[in-house]
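# Summary of the model geometry
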Amino acid sequence: MSETTLIKPSNQVTSTQTRGYRPQVDVYETEDQFVVVADVPGASEEDIDLAIEKDVLTLHAKVAEPHFEGYETRWRGYGVGDWKRSFRLTEAVDRDGVDAAVKDGVLRVTLPKGKESLKKSIPVKRLD
Amino acid sequence: MRSQMTWNPWQELDGFRREVSSLLNAAPRWTSEMAQPTAFNVYAGHEGVVVTAELPGFDPESFDVSVQKDQVTIRGKRSEAPIENVRYHLRERGLVELEKSFQLPFIVDAEKTEATYERGVLTVRLQKVEEAKPAKVTVRTA
């Protein structure tokens, strides 16, 4: 069966983003939704700003460097700072149905597919 | 003719790759294993050290921190069940299990070792045993 999606890629890249770390993400698609799973360790729900503006989904999770009284950094294996990443949405997403939750530093965003992109069987009539 | 086209809807706009900087030269006896693949940050003080690691989605019950003299071993597992019958567009998240040992430049007081797991970050406090702490010597005048 031929597969054609209603989703179009975009090669546009904006350079307005300020410095931040890029979280590792999984993005998968089920029959009726897209799911974005992002690792944002150090951030809880009040630190996460998730916004859709025009066709761009932007994730910004604020993370502050921990401070331990009487201790100073001796070894830095990873950098600590805000997580930032953007995705271009498509016509196929129902923006009003987008939902997000975070647990143990893992953000899960569900984006239901718009009605127009759900599979629909078209009955074929016979013309005599 | 039938055409088959697959677009990636999750066109990434931009973003900075995670940079890992190591102050290797400033760290006397932290073994280089600590840097990869799970990165740790280490904060040092008079009482001992605090070690942090970003381990998002781990099962808090799975963590096991064991201490033997100056050796510390940290174990843990990610709690997520594999997802089947979906079409992946991006699959970057990889770490599912952690087992890391490292050596500290002092004998650790196992009794006082504390570990907390919050917001996907594991924080382990490792204190020196009493006799390993620097003693304060009072200089008396004649």
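What counts as what
- Residues numbered from 1 in each chain as written.
- Chains lettered and ligands numbered in written order.
- Predicted model: local features only at pLDDT ≥ 70, side-chain atom pairs only at ≥ 80, totals over all residues.
- Heavy atoms only, no water.
- Pairing = 2+ DSSP bridges.
- Helix = DSSP H or I, 4+ residues; strand = E, 2+ residues; numbered from the N terminus.
- Axes fitted to C-alpha atoms, helices over the stretch in contact; angles between N-to-C directions.
- Buried < 20%, exposed > 50% of the residue type's maximum accessible area, 1.4 Å probe, protein only.
- Phe/Tyr/Trp six-rings, centres within 6.5 Å; stacked < 30°, edge-to-face > 60°.
- Lys NZ or Arg CZ within 6 Å of the ring centre and 35° of its normal.
- Polar contact = N/O pair within 3.5 Å; in protein donor to acceptor, adjacent residues only side chain to side chain.
- Contact = heavy atoms within 4.5 Å.

Residues and elements named next belong to chain B. Taken in spatial order, the three strands of this open sheet run β3-β4-β6, and their pairing is antiparallel. Of all strands in the sheet, those bounded by a partner on one side alone are β3 (64-68) and β6 (97-103). Taking each pair of neighbouring strands and ignoring which way they run, the sheet shows an average axis angle of 10°.

Burial analysis of strand β1 (residues 40-45) of chain B places six of its six residues in the buried class, which makes it a mostly covered element. The two faces of β1(B) match: Phe40(B), Val42(B) and Ala44(B) on one face and Asn41(B), Tyr43(B) and Gly45(B) on the other face are all buried. Where strand β5 (residues 71-76) of chain A meets β1(B), five bridges bridge the pair, whose relative direction is antiparallel. Residue pairing in the sheet places Arg76(A) in a bridge with Asn41(B) of β1(B). In terms of strand pairing, β1(B) meets strand β2 (residues 48-54) of chain B through five bridges, oriented antiparallel. Bridge assignment links Ala44(B) to a residue of β2(B), and that residue is Val49(B). Where β1(B) folds back on β2(B), the antiparallel hairpin that results is connected by two residues.

Right, let's get into the sheet that holds strand β2 (residues 33-39) of chain A. With antiparallel pairing, five strands are arranged side by side in an open sheet as β7(A)-β8(A)-β2(A)-β1(A)-β5(B). Each edge of the open sheet is held by one strand with a lone partner, namely β7 (99-103) of chain A together with β5 (87-91) of chain B. Each strand axis lies, on average, 15° off the axis of its neighbour in the sheet, ignoring direction. When β7(A) meets strand β8 (residues 106-112) of chain A, the two strands line up antiparallel, connected through five bridges. In the sheet register, Ala100(A) faces β8(A), and the bridge partner there is Val109(A).

A few words on the packing of aromatic side chains. Given two aromatic rings, one states the distance between the centres and the angle between the planes to describe the pair. By the definition in use, this model includes six aromatic pairs over all chains. Judged by centre distance (5.8 Å) and plane angle (10°), the ring pair of Phe58(B) and Phe63(B) falls under stacked. Accessibility expressed as a relative area gives 1% for Phe58(B), which makes it buried. Residue Phe63(B) is classed as buried on the basis of its relative accessible area of 16%. Chaining the aromatic ring pairs together yields one cluster made of Phe58(B), Phe63(B) and Tyr117(B). Between Lys113(A) and the ring centre of Phe34(A), over which it is positioned, the NZ or CZ distance is 5.5 Å.

By secondary structure assignment, the location of Val50(B) is in strand β2. Between the C-alpha atoms of Val50(B) and Phe40(B), which are ten residues apart in sequence, the distance is 10.0 Å.

Our focus in this paragraph is unusual backbone geometry. Positive phi is not limited to glycine here, since Asp104(A) has a value of about 50°. For Asp104(A), a relative accessible area of 21% translates into the label partly exposed. Of note in this structure, Asn85(B) is not a glycine but carries a positive phi near 55°. With respect to the helices and strands, the residue Asn85(B) is situated in the loop between β4 (71-77) and β5.

With that out of the way, let us pick up the side chain of Glu29(A). Structurally, the position occupied by Glu29(A) is in strand β1 (residues 25-29). Residue Glu29(A) is classed as buried on the basis of its relative accessible area, which comes to 14%. Here Lys113(A) takes part through its side chain, which lies 2.8 Å from a polar atom of the side chain of Glu29(A). A polar side-chain atom of Glu29(A) sits 2.6 Å from a polar atom in the side chain of His89(B). Setting aside residues up to four positions removed in sequence, Glu29(A) forms contacts with Phe34(A), Lys113(A), Val86(B), Arg87(B) and His89(B).

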